[in-house]
Structure formats: C-alpha cells, structure tokens
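Residue-level listing of the chains:
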Amino acid sequence: MTPVRHQVLIITRGLGPLLTVVAVMVLALAIILFPQPVFQAALRGLKAWWEIVVPALLPFFIISQLFMGLGIVHFLGVLLEPVMRPLFNVPGSGAFVMAMGYTSGSPISAMLTAQLRQQGLVTRVEGERLICFTNNASPLFMLGAVAVGMLHNPALGPVLAGAHYGANFCLGILFRFYGRRQPASPPASYTLLALPRRAWQAMLQAQQRDGRPLGQLLGDAVSRSFQTLITIGGFIILFSVIIQVATILGLLEPLARILLYAGSPFDLSRDTSPALAAGLFEMTMGAKFASEAAVPLTERLVAISLIMGWAGLSILGQVAAMVSHTDLRLCPFIVARLLHGFLAAALVRLCQGPARPVLLLLAPEITLVPRAPWFTLWLYYTGFALTLMTVLFLLAGLALSARYFLYRRS
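A brief report on the enclosed structure follows. (Residues numbered from 1 in each chain as written. Predicted model: local features only at pLDDT ≥ 70, side-chain atom pairs only at ≥ 80, totals over all residues. Heavy atoms only, no water.)

## Some thoughts on the nonpolar core
Stage number 1. Membership of the largest hydrophobic core comes to 94 residues, with the highest contact counts inside it found for Phe96, Leu112, Phe141, Ile232, Ile304 and Met308.
Stage number 2. Sorting elements by how many residues they give to this core places helix H2 (residues 35-70) first, with 13 residues.
Stage number 3. The residues contacting leucine 112, other than those within four sequence positions of it, are Ser64, Met68, Phe96, Val97 and Met100.
Stage number 4. Formed by six residues, the second largest nonpolar core is a distinct cluster that contains Leu27, Ala41, Val241 and Val245. (Core = buried A, V, L, I, M, F, W, Y, C linked by side-chain atoms within 4.5 Å. Buried < 20%, exposed > 50% of the residue type's maximum accessible area, 1.4 Å probe, protein only. Helix = DSSP H or I, 4+ residues; strand = E, 2+ residues; numbered from the N terminus. Contact = heavy atoms within 4.5 Å.)

## Quick word on the packing of helix H8 (residues 139-150) against helix H9 (residues 157-174)
The angle between the axes and the distance between the axes are what describe a pair of packed helices.
Stage number 1. At a minimum axis separation of 9 Å, H8 and H9 run at an interaxial angle of 145°. Our pair here, H8 against H9, has a crossing hand that is right-handed. Mapping the contact onto sequence places Pro139, Met142, Leu143, Val146 and Ala147 in H8 and Gly157, Pro158, Leu160, Ala161, His164 and Tyr165 in H9.
Stage number 2. Grouping the constituent residues of the contact of H8 with H9 by class yields nine nonpolar, two polar and no charged. (Axes fitted to C-alpha atoms, helices over the stretch in contact; angles between N-to-C directions. Left-handed = near helix turned anticlockwise from the far one by under 90°. Nonpolar A, V, L, I, M, F, W, Y, C, P; charged D, E, K, R; others polar.)

## Concerning the side chain of histidine 164
Stage number 1. When you line up the elements, histidine 164 lands in helix H9.
Stage number 2. Polar side-chain contacts of histidine 164 include one of 2.9 Å to the backbone nitrogen of alanine 137.
Stage number 3. Discounting residues that sit within four places of it in the chain, histidine 164 has contacts with Asn136, Ala137, Met142, Met308, Gly309, His340 and Ala344. (Polar contact = N/O pair within 3.5 Å; in protein donor to acceptor, adjacent residues only side chain to side chain.)

## Side note on helix H11 (residues 214-248)
Stage number 1. Between its first and last C-alpha, H11 extends 51 Å over 35 residues, near the 51 Å set by a 1.5 Å rise per residue.
Stage number 2. Following H11 by one or two positions, glycine 250 adopts a phi angle in the positive range, close to 75°. (Expected span 1.5 Å × (residues − 1).)

## A look at helix H12 (residues 252-259)
Stage number 1. Among the residues of H12, Leu252, Ala256 and Leu259 are the ones counted as buried. For H12, the buried positions fall inside an angular range of 65° around the axis, keeping them on one side. In H12, the exposed residues that point more than 90 degrees away from the buried face are Glu253 and Ile258.
Stage number 2. Next to the buried residues of H12 lie H11 and helix H13 (273-281). (Arc of directions from axis to C-beta.)

## Some words on the packing of aromatic side chains
Stage number 1. Tallying each qualifying case throughout the model produces seven aromatic pairs.
Stage number 2. When the ring of tryptophan 49 is compared with that of tryptophan 50, the centres are 6.0 Å apart and the planes differ by 45°; the resulting orientation is tilted.
Stage number 3. Residue classification places tryptophan 49 among the buried positions, given a relative accessible area of 12%.
Stage number 4. Taking relative accessible area as the criterion, tryptophan 50 reaches 54% and is therefore assigned exposed.
Stage number 5. Centre to centre, the rings of phenylalanine 88 and phenylalanine 133 are 4.6 Å apart; their planes meet at 25°, and the pair counts as stacked. You can see phenylalanine 88 sitting in helix H4 (residues 81-88) and its partner phenylalanine 133 sitting in helix H7 (residues 124-133), a full 45 residues away along the chain. The burial state of phenylalanine 88 is the same as that of phenylalanine 133; both residues are buried.
Stage number 6. Aromatic rings pair up to connect Phe88, Phe133 and Phe169 into one cluster. (Phe/Tyr/Trp six-rings, centres within 6.5 Å; stacked < 30°, edge-to-face > 60°.)

## Some thoughts on the packing of helix H14 (residues 283-291) against helix H15 (residues 297-310)
Stage number 1. It is at 9 Å that the axes of H14 and H15 come closest, and there the two elements cross at 175°. By the angle class used here, H14 and H15 are roughly antiparallel. Residues Met283, Gly286, Ala287, Ala290 and Ser291 of H14 lie in contact with H15, whose contacting residues are Arg300, Ala303, Ile304, Ile307 and Met308.
Stage number 2. The residue makeup of the contact of H14 with H15, split by class, is seven nonpolar, two polar and one charged. (Parallel < 35°, antiparallel > 145°, perpendicular 65-115°, else oblique.)

## A short note on unusual backbone geometry
Stage number 1. At histidine 152, a residue that is not glycine, the phi angle is positive and equals roughly 55°.
Stage number 2. As for its placement among the helices and strands, histidine 152 is situated in the loop between H8 and H9.
Stage number 3. Its relative accessible area of 62% is what places histidine 152 among the exposed residues.
Stage number 4. Although it is not a glycine, aspartate 267 sits at a positive phi angle of roughly 55°.
Stage number 5. Residue placement: aspartate 267 occurs in the loop between H12 and H13.
Stage number 6. What makes aspartate 267 exposed here is its relative accessible area of 61%.

What follows is the structure, encoded as structure tokens:
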C-alpha cells in the first residue's frame with residue numbers, strides 16, 4: 001500500500017467517528033436550546049410506543065420466547081426443512097422466524113434470528129439471509145394505521161400489504177444466492193415419512209437441554225420481552241426527537257430535495273419529498289406525511305410503500321441492537337431494505353396499473369372503493385393471522401404434552 005493511500009485510509013476511518021461526535025453534540029445542544037418542542041417530540045414518541053408498539057408486540061414477544069424454550073422452533077426446524085432449504089437456502093427453523101416476522105412486524109425477526117445464531121441453529125450467512133426477508137411492517141400497522149387511520153380506506157390495505165409481503169418474499173428468493181459458497185448448516189437427511197417422528201424427538205431433546213420449569217420459562221419470557229420493548233421504545237423516542245430537531249434546524253428540506261431522486265423512477269412529485277425525508281428516519285411519521293401529501297392516491301401509495309420497505313433508521317438501529325451480541329453483519333440487511341422499498345413501490349405501481357384488471361377479475365373487493373361490508377373486510381384482514389395463531393397454539397399444546405411426557409418418564 002502506497003503512503004498516500006495509507007493516509008487516505010486513515011482519514012476515512014477517522015471521519016466516521018468524528019461525524020458521529022459532531023452529530024451527537026449538535027443534538028445535545030438543540031435539546032438544550034429548544035426544550036419545549038423536543039419535550040413534545042419525546043412525548044409523541046413515548047405515546048406511540050405505549051399505545052401502539054407495546055400492545056401490538058408484547059404478546060408476540062412473549063409467545064416467541066415460550067416457543068423457543070418449549071422446543072417448538074426445533075420441531076418446525078425439522079418438519080419444514082424440505083420447504084425452507086430449497087426456497088430460501090435457510091434451515092427449517094427459519095420458518096418460525098418468517099411466520100413471526102410476517103405476523104407481528106419488525107424487529108422481532110432480528111431478535112429471533114440472533115437467538116437462533118446463539119444456539120447454533122443457523123450459520124452467520126444463513127442468519128444474514130434470514131433477517132433480510134423476514135423484516136416487515138406489521139399487518140396491524142398496514143391494514144389498520146395506514147389504510148384505515150391515514151388513508152381512510154380499508155380496501156387499500158390488501159394492496160399495500162400484498163406489495164409489501166410480495167416484495168419481501170421476492171427478496172427471500174433473491175438472497176438465497178447470497179454467500180452460497182460459504183459453509184451451511186448441515187441439512188436434515190430424513191425421509192418425508194420420518195419427518196414427524198424426527199421433529200417430535202428434536203422438540204423433546206430441546207426441552208431436555210433447556211431444563212427450566214414452566215413457571216421460570218414464563219417469567220423469563222415476560223422479563224426478556226419487556227427488556228426488548230424498552231430498547232425499542234428508546235429508539236422510537238430518540239428518532240422522534242431527531243426528526244423534530246432536524247425540522248427546527250431546517251435540515252429536512254435539503255434532505256427532502258436529495259431524496260426526491262430516489263423517487264424519480266416512480267415519477268414522485270416534489271410534494272412527496274418531505275414524507276421521504278421523514279421516512280428516512282422513522283417509518284410511521286413518513287407514512288403519515290405521505291398520506292397527507294397533496295398528490296394523487298396512486299402516488300401516495302407508492303411513497304408509503306417505498307417508506308415501509310426501507311423501514312427507517314429507527315428500525316435499523318433496533319435491528320442493530322438485537323444482533324449486536326452476535327457476528328451477524330448489517331450490510332446485507334441495509335441493501336435488502338433499499339431493495340424492499342423499490343420492489344414494493346414497483347408492485348404497487350403494477351397493482352394500480354397493468355395488473356389492476358386482473359386483480360379486479362380475481363378479487364373484486366380489492367379496489368380503490370371499499371365495496372365489501374366491514375365484517376367481510378375484518379375477516380379478510382384477520383383470517384391469515386387467526387389461522388396462524390391457531391396453528392401456533394396447537395403447537396404449544398403439543399409442546400406442553402411433550403413436557404408432561406418427559407416429566408412422567410423421568
């Protein structure tokens with residue numbers, strides 16, 4: 001390495017920490033100079049966390065911890081190996097992470113992937129693949145907060161959710177080729193008829209290795225879930241304050257002009273740029289600004305899909321916190337979020353453009369005008385989640401039966 005290149009490398013490496021220190025100092029100074037708006041911003045973040053995030057995520061967090069302790073993840077890992085390995089090049093245990101990520105939203109998939117990595121159920125590359133396509137906005141957020149609360153049209157929910165989940169599924173297929181030359185976890189070599197028996201044995205062995213009584217397992221699940229939610233709440237409040245400070249200092253407007261180039265492939269107008277700037281930091285605020293923009297509905301849907309796919313620096317920080325104690329790298333995850341945003345926006349364009357006649361033929365209720373009654377829409381929205389929860393409760397009953405069988409035998 002030449003001396004000049006070495007000097008440039010040293011300067012480049014030192015620039016990142018320097019910019020971080022400057023940004024933190026500016027944020028601290030702004031908090032001192034503008035205490036009232038900063039307090040209001042922090043209060044908004046706290047209210048969003050307490051009223052939306054905690055009720056929506058706490059049950060899923062507790063259930064996921066119980067399922068890890070009861071060995072259900074190991075049961076699914078063996079049972080679904082023939083599906084997950086060919087499709088996404090991850091072990092069968094990734095099916096549990098995928099199910100929880102698609103039904104409860106981020107960052108639960110990152111938390112579960114980190115636990116799988118700690119238990120040695122996935123390799124580093126497999127874990128990185130897994131968090132790339134299991135990070136989603138929650139169905140409650142898309143179908144309730146955005147479609148009903150922001151856009152005031154519940155029939156738009158399936159369009160947004162279909163594009164969002166469809167784009168992430170495509171990412172799963174795409175990222176199966178990421179790191180394919182790296183060592184993989186040993187695939188199961190059981191015959192299909194032997195899978196149920198092997199899955200049952202894997203669950204019994206996992207419960208024996210865990211060894212915690214049910215009461216302790218439940219207490220640990222609640223305690224760990226609340227600790228994770230407190231971390232998430234801290235990120236939400238912090239980024240709410242950052243957005244407020246950036247608005248006060250006039251930084252959002254130039255940032256919005258720069259981000260407008262990101263929406264140029266979809267012909268997004270200048271009126272959507274403030275939403276893109278807010279969505280760069282936090283998904284909820286960005287989606288709210290996009291829903292209120294004075295642009296056609298199709299353009300608002302594209303902007304919202306772009307923002308939800310990227311998910312915001314707040315989610316990125318939460319995922320970084322979840323995987324910080326593992327060797328999982330964030331670079332693939334960041335690339336996946338960018339691709340997710342553009343793919344979801346493209347699918348929304350497709351649904352509102354060339355594919356719209358086909359959608360109207362297959363599902364007349366998915367239009368820009370809600371023709372179906374509210375009860376039908378409720379069943380449509382919650383049917384998948386209720387079915388999945390029923391399956392998970394059946395698996396929980398199976399795991400408890402296995403635990404009882406173990407105690408009787410010991």
